[in-house]
Amino acid sequence: MSNPLERYHCQMALPGFGVSSQELLNNAKVLIIGMGGLGCPSAQYLASSGIGTIGLADNDIISESNLHRQILYAPEDIGKSKVDVAAKKLQQQNPAVKIIPFNFRVTSDNVMDLISEFDLIIEGTDNFETKCLLNDACVLTGKPLVYGAIYQYEGQVSIWNVIQKDGTSSPNYRDVFPNAEESQVPNCREGGVLPTLAGIVGCMQANEAIKYFTNPEDSLAGKLWMMNVLNGKTQIIKLRKTSVQITGLPQTVETITFEQLMQEKDLFEIIDVRTSKEHEEFNIGGINIAVDELQNHSDYISDCSKSIVMYCLSGKRSAEAVRKIKSIFPEKNVYSLKGGIQRTEL
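Residues numbered from 1 in each chain as written. Predicted model: local features only at pLDDT ≥ 70, side-chain atom pairs only at ≥ 80, totals over all residues. Heavy atoms only, no water.

Caption draft 1: Inspection of the overall build of the chain at higher detail. Across its full length, the chain holds 14 helices and 13 strands. Against the compact-globule benchmark of 20 Å for 346 residues, the chain has a radius of gyration of 21 Å, which places it among compact chains. Dimensions of the chain, computed from C-alpha atoms along their principal axes, come out at roughly 65 × 50 × 40 Å. Within the chain, the fraction of its 346 residues that count as buried is 49%. Across the chain, the fraction of contacts at a sequence separation of at least 24, relative to all contacts at a separation of at least 6, is 67%. The average position of the 32 basic charges and that of the 41 acidic charges among the side chains of the chain differ by 4 Å. (Helix = DSSP H or I, 4+ residues; strand = E, 2+ residues; numbered from the N terminus. Rg over C-alpha atoms; globule rule 2.2 N^0.38 Å. Buried < 20%, exposed > 50% of the residue type's maximum accessible area, 1.4 Å probe, protein only. Contact = heavy atoms within 4.5 Å. Lys, Arg positive; Asp, Glu negative; His and termini not counted. Charge placed at Lys NZ, Arg CZ, Asp CG, Glu CD.)

Caption draft 2: Examining the environment of Arg240 more closely. For Arg240, the location among the structural elements is in the loop between strand E8 (234-238) and strand E9 (255-256). On the basis of relative accessible area, Arg240 is assigned to the exposed category, the value being 70%. Between the C-alpha atoms of Arg240 and Ala221, which are 19 residues apart in sequence, the distance is 10 Å. In this view, Arg240 contacts Pro171 and Asp175; residues no more than four positions away in its chain are not counted.

Caption draft 3: Structural view of unusual backbone geometry. At Gln152, a position not held by glycine, the phi torsion is positive, near 55 degrees. Looking at the element boundaries, Gln152 is found in the loop between strand E5 (145-151) and strand E6 (154-160). Of note, Asn161 is a non-glycine position whose phi angle comes to about 60 degrees, a positive value. Mapped onto the elements of the fold, Asn161 is located in the loop between E6 and helix H8 (173-176).

Caption draft 4: Representation of the side chain of Ser158 within the structure. Here Ser158 is to be found in strand E6. At a separation of 3.3 Å, a polar atom in the side chain of Ser158 contacts the main-chain carbonyl oxygen of Leu220. Once you skip the residues sitting within four places of it in the chain, Ser158 turns out to touch Leu145, Val146, Tyr147, Leu220, Lys223, Leu224 and Leu239. (Polar contact = N/O pair within 3.5 Å; in protein donor to acceptor, adjacent residues only side chain to side chain.)

Caption draft 5: Here's a closer look at the sheet that holds strand E12 (residues 307-311). Ordered in space as E9-E13-E12-E10-E11, the five strands form an open sheet in which the pairing is parallel. Two strands close off the open sheet at either side, each with one partner strand: E9 and strand E11 (287-288). Looking at chain direction, E9 and strand E13 (residues 334-337) are connected through two bridges and run parallel. What sits directly across from Thr255, in E13, is Ser336. Each of E12 and E13 is contacted by helix H14 (residues 316-328), which is oriented at about 175 degrees to E13, the strand it contacts most. (Pairing = 2+ DSSP bridges. Axes fitted to C-alpha atoms, helices over the stretch in contact; angles between N-to-C directions.)

Caption draft 6: Looking closely at the packing of aromatic side chains. Under the definition given, this model contains nine aromatic pairs. Judged by centre distance (6.0 Å) and plane angle (45 degrees), the ring pair of Tyr147 and Phe177 falls under tilted. Linking Tyr147 in strand E5 with Phe177 in the loop between H8 and helix H9 (188-191), this pair joins segments that are 30 residues apart in sequence. Taking relative accessible area as the criterion, Tyr147 reaches 3% and is therefore assigned buried. Classification of Phe177 by relative accessible area gives partly exposed; the value is 24%. (Phe/Tyr/Trp six-rings, centres within 6.5 Å; stacked < 30°, edge-to-face > 60°.)

Caption draft 7: Seen up close, the pattern of salt bridges. Tallied over the full model, the rule gives twelve salt bridges. One salt bridge in this structure joins Asp77 and Lys80, with 3.9 Å as the shortest N-O distance. Assessed through its relative accessible area of 5%, Asp77 is described here as buried. The partner of Glu123 in a salt bridge is Lys131, with the nearest N and O atoms 2.9 Å apart. Across the pair, Lys131 and Glu123 agree in class, each one buried. Salt bridges linked by common partners bring Asp77, Lys80 and Lys89 together as one network. (Salt bridge = Lys/Arg side-chain N within 4 Å of Asp/Glu carboxyl O.)

Caption draft 8: Here's a closer look at the sheet that holds strand E4 (residues 120-123). Overall, mixed pairing links the eight strands, which are arranged E3-E2-E1-E4-E5-E6-E7-E8 in an open sheet. This sheet does not close on itself; its edge strands, each paired only once, are strand E3 (98-102) and E8. The sheet shows a mean angle of 15 degrees between the axes of neighbouring strands, direction not considered. Pairing of E5 with E6, which is carried by seven bridges, proceeds in the antiparallel orientation. The partner of Gly148 across the bridge, within E6, is Val157. Lying over the sheet, helix H5 (residues 82-93) contacts strand E2 (53-57) and E3, oriented at roughly 175 degrees with respect to E3. Along the sheet, helix H7 (residues 128-141) makes contact with strand E1 (29-33), E4, E5 and E6, crossing E5 at roughly 165 degrees.

Next comes the structure, spelled out in C-alpha cells:
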C-alpha cells in the first residue's frame, strides 16, 4: 500500500501548499471533455497530482493518426474507446484516484446533467460547436471552465467564468470569441500541429485546475495565455467582459457516421458542401452545393422528402451547413457526416 504523503511529498513541500492544499485536491472533482491531444496530458497530470475524482467524456475511438500527440494511447489501442483506454491507464498510474469514463458524445441534451456533479470542467475539444456548448452550460450553472486550443505552432489557455470577490464572474468564451461557431479554423488533421504543443497546453490546463483549487489568486481568470512553440514566445493579454447574454444552450448538430450512411444510403439525400473543385477531385456521391451557396437552393432543400446528410472534409463546414438549414427549416431532419470524408480517403 503506497503512502500518499510520500507520493505527494514534492508538491506538499512547496511554500504555501502543504497538507491542506493536498486535501483540497483530493476532494476536488474535475471533468475533462475531449480525450485527445489536450485531454491526455491534462488527465495524466491531474491524476498524478491527486485530484480525487476525474471524469473523462468522449465518444471517439483511437486511430493511428492520434498517436503522435495523444500520449495515453499505443498502437495496440487503435480501434478502442478513448475513455476506456485512458481510464484504465490513469487508474494504473494512480489507484487512489477515482476515474469515471463517459463514453458518449456531449450534446445540448446531456451536458447539464453531465457537468452537475463536478467542481470544474476542462475542455480539450477540437470544434467550436462543443466549445460554445460547454461555455454556455458552465455560465448557466456557474461552473469554471478551463479552455485550451492549439493550431500549428500556437496555443492558448484561459479559465472562464470564475466567480470573483465582488460576486461577478470573469470573462467567458463568448466574451472573447463572440462568433466562434462561424469560424473555419482547420483542426489538427487539416492544419497540422506539433505534438509538443499539445503537451504544453494540456499541462497548462491541468496547472490552471490545480491553481483553481489551491491558489486561485494567480489563475488565468480574465487573462489569455498564448504561446508560439516555434520561436518560444509567450504572452498574456487581459480580457474584459462584454454585454453578451447567455440564456440557453445552442442546439447540438446531429451527426451520422460514414458506416451508418453507407448502410442506409437510400434513405438520405446527400449534399457535398465543399467547393466544386474538391467535389470533382473526390466525393462519396450526392449533389454538390457549397456551404456559402445553400441559401440560393432553399427550394431544392424544401422539396427534399428524405432526411439530409451534409458532408465535407472534416465535418466543420457540414456542421455549419446543418445550422444554416435548421435555421430556415427547423422541422427538417438534417445531419452532418461525423469526421467528414477524410477517413474514407486514407
